[in-house]
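Each chain, letter by letter, is given below.
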Amino acid sequence: MRRTTLGFWALAALSGVVSAAVFLAAAELTALLVAREGSPILAVGGFVIDIVPQPFKEFAIATFGEYDKIALLAGLGLAVLFASAIAGILQFVKPPLGVVALGIAGALSVAAIVTRAGATPLASVPPIVGALAGGFILWYLSARLRGWAAASTDATPMEQPTVHPKGAASPASVDRRAFFRITGIAGASALIVGVGARALINATASSIVAVRKALKLPAPASKVTVPAGAELDVPGISPLITPNADFYRVDTALTVPSVDPDAWRLVIDGMVDKRVELSFADLIAMGLDEYAITLTCVSNEVGGELLGNAIWLGVPVREVLKLAGPTADADMVLSRSVDGFTAGTPLESLTDDGLDAILAVGMNGEPLPLEHGFPVRMVVPGLYGYVSATKWLSELKVTTFAADEAYWTPRGYSAKAPIKFSSRLDTPRTGEAIPAGRTPVAGVAWAQTVGIDRVEVSIDDGEWQSATLSSPINDDTWVQWFVDWEATVGTHYVAVRAVNKNGDLQIEERAPIAPDGSTGWQRTLIRVT
């Protein structure tokens, strides 16, 4: 029975996948040896993060939350798998199109890598080596596969099979064995080399974990005082202080940067009297204090979980900026991360004596976790994170909004983004049935820099009733609230809203997160059994 064309196409697709694996493995090994920032898959992933339109970013954050990076890598993996299979088929059907396709992939990888922040001159070498290795394997496997296909002849009742000398293998048999032998060797080698090289590259992060664990920060000159009654004893309510492991993470870093505090430097330049460069030791020597501040992500939907409250340890940004002396005509500070992310913060928010904008080195009694910006990040109360909360900080450029744009501004978000105060229902949770009887309706509310005056709850469109509030730590942190409710069997409609200390009522109308944060009262259906 004649081998179908479909069967050879499937083997051609396999040759493409194996060749792509060789491409990536060779690139990772080269990156390990000459330029660790030269990983094609990570560079392309970072490039995709940068160019993806705003609605897709919002969808990814809303759908996958802190796992959006994993989802992106999985998506890239599937895309590579599909594209490499197509390249294998192209090389089999019409050579050298498949090898050309791998070459184009290498060129695109080079472009993605050299445009990333911190790329060195050798960063382009890994994808070039990878493309050459993958292209050679694809050429060889496709040649063997085409030889096998051409030499394979199935005998029909009217045909006589080809007779070869005793002990001699047919051309089809030679090409078939060569194809499977090289496919197996190349695939296994790519897996071992690629995984091993990536593991060794990631060992740098492990060493930074050890450095962080050994780091002892000085005791703060002043500590946060948590007043009595700051935390309500209500099951299901968010804790007053969000544990580090539970604190939300939204950033553009595909992999968490590994920054050694001993090598870390902060540059303050731009529209300043003098350029200043600080080491980690210099920053610590300025003196540390504790600050209780709630952070909120602009991507937080009404009732969402992209906010958290922590006690931070750090130095006021205004004291750091004073060392450089911003000029009178500056109005913005462009903060930069080691991974290239930038945030544009109003200069007045960083120099106001009444605002605790800080360079944080600690979080909830320990050095910053790696994923939250170790060794130094910005924390600015009253502003959404995308314009203020730069992690893995490396530079403060004093400038103007007219002269510079931060990362998110050309992507559809406002250049200035004060947090819109809001409230959230934590318990009872939507979709979870509760028993009839007395039960607390509870949650948190926040109005950073202003403070919450009261929270009100309405059940089944009834009268608004004032909730009991916890004692706030300060106006920069959230407060907890609860209302006792005598729940009856059925489905009930619960709404919550807040009023800040200026007397402003939380905005009722729903608005999307772009361009400057969502609005709306949270309205929830609660099922009582």
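What counts, and at which threshold
- Residues numbered from 1 in each chain as written.
- Predicted model: local features only at pLDDT ≥ 70, side-chain atom pairs only at ≥ 80, totals over all residues.
- Heavy atoms only, no water.
- 1 Å grid on protein atoms, 1.4 Å probe; cavity = no way out; pocket = protein on both sides within 12 Å on 5 of 7 lines; lining within 4 Å.
- Points joined across faces, edges and corners; volume = space filled by probe spheres on them.
- Nonpolar A, V, L, I, M, F, W, Y, C, P; charged D, E, K, R; others polar.
- Phe/Tyr/Trp six-rings, centres within 6.5 Å; stacked < 30°, edge-to-face > 60°.
- Buried < 20%, exposed > 50% of the residue type's maximum accessible area, 1.4 Å probe, protein only.
- Lys NZ or Arg CZ within 6 Å of the ring centre and 35° of its normal.
- Axes fitted to C-alpha atoms, helices over the stretch in contact; angles between N-to-C directions.
- Helix = DSSP H or I, 4+ residues; strand = E, 2+ residues; numbered from the N terminus.
- Parallel < 35°, antiparallel > 145°, perpendicular 65-115°, else oblique.
- Contact = heavy atoms within 4.5 Å.
- Pairing = 2+ DSSP bridges.

Student: How should empty space enclosed by the protein be read in this particular structure?
Tutor: It is the rolling of a water-molecule-sized probe over the atoms that shows where space remains empty. Going through the model one piece at a time under the given rule, you end up with one cavity of 30 Å³ or more. Considering only enclosed or pocket space, the largest cavity measures out at about 110 Å³ in volume. Taken together, 16 residues form the lining of the largest cavity, with Asn300, Lys420, Ser422, Trp446 and Ser518 sitting closest to its centre. Partitioned by chemical class, the residues of the lining of the largest cavity number five nonpolar, nine polar and two charged.

Student: Help me understand the packing of aromatic side chains in this model?
Tutor: The description of two aromatic rings rests on the distance between their centres and on the angle between their planes. Summed over all chains, the structure comprises 14 aromatic pairs. Each ring, one from Phe247 and one from Tyr248, has its centre 5.4 Å from the other, and the planes form 20°; the classification is stacked. Of the two residues, Phe247 and Tyr248, both sit in the buried class. Members of the aromatic cluster, each reached through a chain of ring pairs, are Phe8, Phe92, Trp148, Phe179 and Phe180. The aromatic ring of Trp464 is capped on one face by Arg497, whose charged end is 3.9 Å from the ring centroid.

Student: For this particular structure, what's the right way to read the packing of helix H5 (residues 97–114) against helix H6 (residues 125–151)?
Tutor: Packed helix pairs are characterised by how far apart their axes lie and by the angle those axes make with each other. In the contact formed by H5 and H6, the axes pass within 9 Å of each other and the chain directions differ by 170°. Between H5 and H6, the angle is such that the two are roughly antiparallel. The segment H5 lies against H6, with Gly98, Val99, Leu102, Gly106, Ser109, Val110 and Ile113 engaging Pro127, Ile128, Ala131, Gly134, Gly135, Leu138 and Trp139. Across the contact of H5 with H6, the residue classes tally to nine nonpolar, five polar and no charged.

Student: Looking at this structure, I do not really get the sheet that holds strand S17 (residues 490–500). What am I missing?
Tutor: The strands that make up a sheet are held in pairs by hydrogen bonds between backbone atoms, and each pair lies either parallel or antiparallel. Strand order in this open sheet of four strands is S14-S13-S17-S18, and the pairing throughout is antiparallel. Both outer strands of the open sheet, strand S14 (465–466) and strand S18 (522–528), are each paired with one neighbouring strand and no more. Where strand S13 (residues 452–459) and S14 come together, two bridges link them in antiparallel fashion. Pairing of Val457 across the sheet is with Gln465, part of S14.

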